[in-house]
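# Architecture and fold: a report
Here are the chains, one letter per residue:
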Amino acid sequence: MEIRKRGLSKLESYWGISQDDVSAESCGEARGGLRVSEREDSGRDSQNWYRLSIPPLWPWQTVVIAAGLVLAVLTGLAHAWCVYSIHENLLWFSHLKEVEREISFRTECGLYYSYYKQMLRAPSIQQGLSELISDNATESKRTINLLRRMNIYQEVFLGVLYRILPIQAYLEPVYFYIYTVFSLQAVYVIALFITSWLLSGSWLAGALTGVWYILNRVDTTRVEFTVSLRENWSLPFFALQIAAITCYLRPHLKPIQQKVVLWLMFLATLCFCLTWQFNQFILLVQALIIFTLDCLDLISTEQVTCLYLVQVSSLLSVWLLQFCNSMILGSLALSFIVAALFVKHFQRGLKTGGLAARLGKLLLHTVLVLALTFTIHYLAKQALQLRSDEHIFKFIKSKFGLGPTRDFDASLYLCEEAFGLLPLDTFDRLAGTLLAYPYLVTLIVLLVMLALVTLANLCDSSAVGRPPKGRCEARPICMRADVAYNLLHTVFFGLLALGTMRMKYLWTGHMCAFAAYGVCGKELWSLCLNMIHCNTKTKLRLIRYTLPLVILCFLYYKFWPKLMTELSELREFYDPDTVELMTWISSKTPKKAVFAGSMQLLAGIKLCTGRVLTNHPHYEDRALRERTRQVYQIYAHQSPEEVHGILRTAGADFVVMEDSICYERRHGRGCRLRDLLDLANGHIMDGPGDNDPDLVHASHPRFCESVKTDGPAYTALFTRVFQNKTFHVYKLRRGKKRAKADREPVAMQD
């Protein structure tokens, strides 16, 4: 009997299947991070009992794992089907014309999709790659390497895949693209399913995770209306990386298993970094989590080093794939990891001594790592002449009131709701699906346990050099490394989401897995049952299996009709003004014509018409940000000569002005685009309200309003060539001597 019980424990640690799942024998012990019974005898040969106990259990174990994997796949496919159905019903996508489908890729989504379209239309794959590496149509008067500047390898890969696969006859390119993105959302849910399964030892937790993720779709994803956004490509790989880290930190993994998991972790991290330009900031947060686990003595030195090296190797691989992108070498994440490894190598006695001594050493260790991080970061930026990411640091400074609030780039972010604080109604929605309550209870209890375990680690000088799992066997309360990692993960990314709403999508998905672990895991229920002195295996099993089933039944009863109603709600895409504008540009302007305007609109012009742009929404280049600010002077108080000179310097032939920006009402005073320009130019803002005393009245009227009056000063430099209720297009005259020539019809070569 003893041999069989220990074999089950081994299987539990390796496969994530609890003893409850594979044995009907009762026992007064609850494992998995909270040890409440006597220590096992370590003198017996573990290989013998492991070998003897496996044969009787393989069939049932295989059935349990197979059932869990099938359910994981079905849950992921259910989510993919939901977001596809909502996308179809929201736009009536299958019935749209091609130009309408392309317009539905709003803002930067259209820019990214245009490169997929460009790869498909290129005469050959080699020429398509060459055009992306030496592109002169995305930014006028500039030749840029798009593979270096932007994270568009996914568009390149799909473009190549579509060309070589025999699917052109029955699958349109746009459907191949969106089906791939929606399939990745299935991978996302499967990864969250596996994470909660590994943590709890029950695939019921995975099922609950998937259901919560689908029902909280408003707060967990926005893929249905921003298909090609970079986060929709990268977050599934990030979730896979979290699942791989969770598996890697589990006890009793064999060396070969650790190597396999590390390779999976590397591939997931590489794909995550390659598909999102904000990867370095996410990896910085993750590196801080690993650093915290190391300081609290919750993972081994070998594990810390391996996790750091996976991050470094992924970043350097992306650096090579992006043609030595200097932003990666100058990233804070890389500087922090190098500093942490360097300081750790020379501080051998960090985890020795009493409580006071260890706290002092940890404080000194942290100060040294941070000081060295900022030193390396500063030297790297100076050596590389790196200024492309300075707008992000300006935004962070302005957000916390540490920098100037008149900076145009920082204000552009601060005034967007997505970069503001997380709205409180988010928690109302999460509570409505019963997600918030178990999440908060699990979070609080595990934070208390983490504090107790940390205190015990810091006070126990005899534990130095012993693996964490060995210490767990000697203490009444301990915490597994995989649980500790996921706890700190949800804390760190939760703080990030609370400060910046757009980052909530990094948090809410993991929140579903973490809450499901709290409902189905052993730790919390063992603790509760121990407090009332009735911790038996039967009662623990009853609670762990009954409660998630009750929650699932409640969610089905309450939300299934609402979900079916939402999936059956039909709408239709309707934007005739934009369709008219794109049709006119395609038919009435030269193919090499250069257009100026707002970043969002120009991305659509690039996709729908292929015309050359002056600026675009990918805001990660300093020179482009400066050009964008200059082009936006069309909405500021500027003279026609000044605006004409700016646009001609940028190479523009046409400028598109939007009434929705010129007379903006979406934002309040101080956050309208025209207000941001006035503040940056030192001018008093329009409308009633206070102004800073150093602001002055502008000497010229607002250009976007005055140009419509067709005054002599404006008609001498600008000719209106298109107009509807939303857009006004003006052709730039090259000078007064050519005024007569510019009065000729605008219909030019096709």
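Since we're looking at a predicted model, the values are computed, not measured.

## Some words on the environment of Val707
Along the polypeptide, Val707 turns up in the loop between helix H35 (703-706) and helix H36 (712-715). The exposure class assigned to Val707 is buried, which follows from its relative accessible area of 2%. Expressed as a C-alpha distance, the spacing of Val707 and Thr719, which sit 12 residues apart in the sequence, is 9.5 Å. Apart from residues no more than four positions distant in its own chain, Val707 is found in contact with Met657, Tyr714, Phe718, Arg720 and Tyr730.

## Regarding helix H22 (residues 425-432)
Within the span of H22, buried status applies to Thr426, Leu430 and Ala431. Taken down its axis, H22 places every buried residue within 130° of arc, on the same side. Phi turns positive one or two residues past the end of H22, at Leu434, with a value near 65°.

## Concerning the nonpolar core
Within the largest apolar cluster, 149 residues are counted, with the highest numbers of intra-cluster contacts made by Tyr177 and Trp212. Per element, the largest residue contribution to this core is 14 residues, and it comes from helix H10 (residues 173-200). Summarising the domain contributions, this core has at least three residues from each of domain 1 (180-462 + 474-568) and domain 2 (576-732). Filtering out sequence-adjacent residues up to four positions away, Trp212 remains in contact with Thr433, Leu434, Leu435, Pro438, Cys512, Ala515, Ala516, Val519, Ile551 and Leu555. Residues Phe395, Val643, Cys704 and Leu732 belong to the second largest nonpolar core, which totals 32 residues.

## Comments concerning the state of the cysteines
Counting across every chain of the model gives 2 disulfides. Between the sulfur atoms of Cys415 and its disulfide mate Cys671 the distance is 2.1 Å. Taking the sign of the torsion about the S-S bond as the criterion, the disulfide between Cys415 and Cys671, at about -75°, is left-handed. Separated by 256 residues along the polypeptide, Cys415 in the loop between helix H21 (408-414) and H22 and Cys671 in the loop between helix H33 (659-662) and helix H34 (673-681) bring together distant segments of the chain. Of the residues examined, Cys415 reaches a relative accessible area of 13% and is grouped as buried. Take Cys671: its relative accessible area is 26%, and that puts it in the partly exposed class.

## A short note on the confidence of the model for the protein chain
Here the protein chain shows a mean pLDDT of 85. Residues at 70 or above account for 87%. Here residues 1-57 is modelled with pLDDT under 50, and outside its nearest four sequence neighbours on either side it reaches 119 contacts, counting other chains as well.

## Here's the deal with the sheet that holds strand S5 (residues 727-732)
In any sheet, the strands associate via hydrogen bonds between backbone groups, in a parallel or an antiparallel arrangement. Ordered in space as S2-S1-S3-S5-S4, the 5 strands form an open sheet in which the pairing is mixed. Among the strands making up the open sheet, the edge pair consists of strand S2 (612-613) and strand S4 (718-723). In this sheet, S5 lies alongside strand S3 (residues 654-658) in antiparallel orientation, the contact comprising 5 bridges. Within S5, the residue paired with Met657 across the bridge is His728. Lying over the sheet, helix H29 (residues 576-588) contacts strand S1 (594-596), S3, S4 and S5, oriented at roughly 25° with respect to S5.

Basis of the calculations
- Residues numbered from 1 in each chain as written.
- Predicted model: local features only at pLDDT ≥ 70, side-chain atom pairs only at ≥ 80, totals over all residues.
- Heavy atoms only, no water.
- Helix = DSSP H or I, 4+ residues; strand = E, 2+ residues; numbered from the N terminus.
- Buried < 20%, exposed > 50% of the residue type's maximum accessible area, 1.4 Å probe, protein only.
- Contact = heavy atoms within 4.5 Å.
- Arc of directions from axis to C-beta.
- Core = buried A, V, L, I, M, F, W, Y, C linked by side-chain atoms within 4.5 Å.
- Domains from an automatic or database assignment.
- Disulfide = S-S within 2.5 Å.
- pLDDT = per-residue confidence, 0-100.
- Pairing = 2+ DSSP bridges.
- Axes fitted to C-alpha atoms, helices over the stretch in contact; angles between N-to-C directions.

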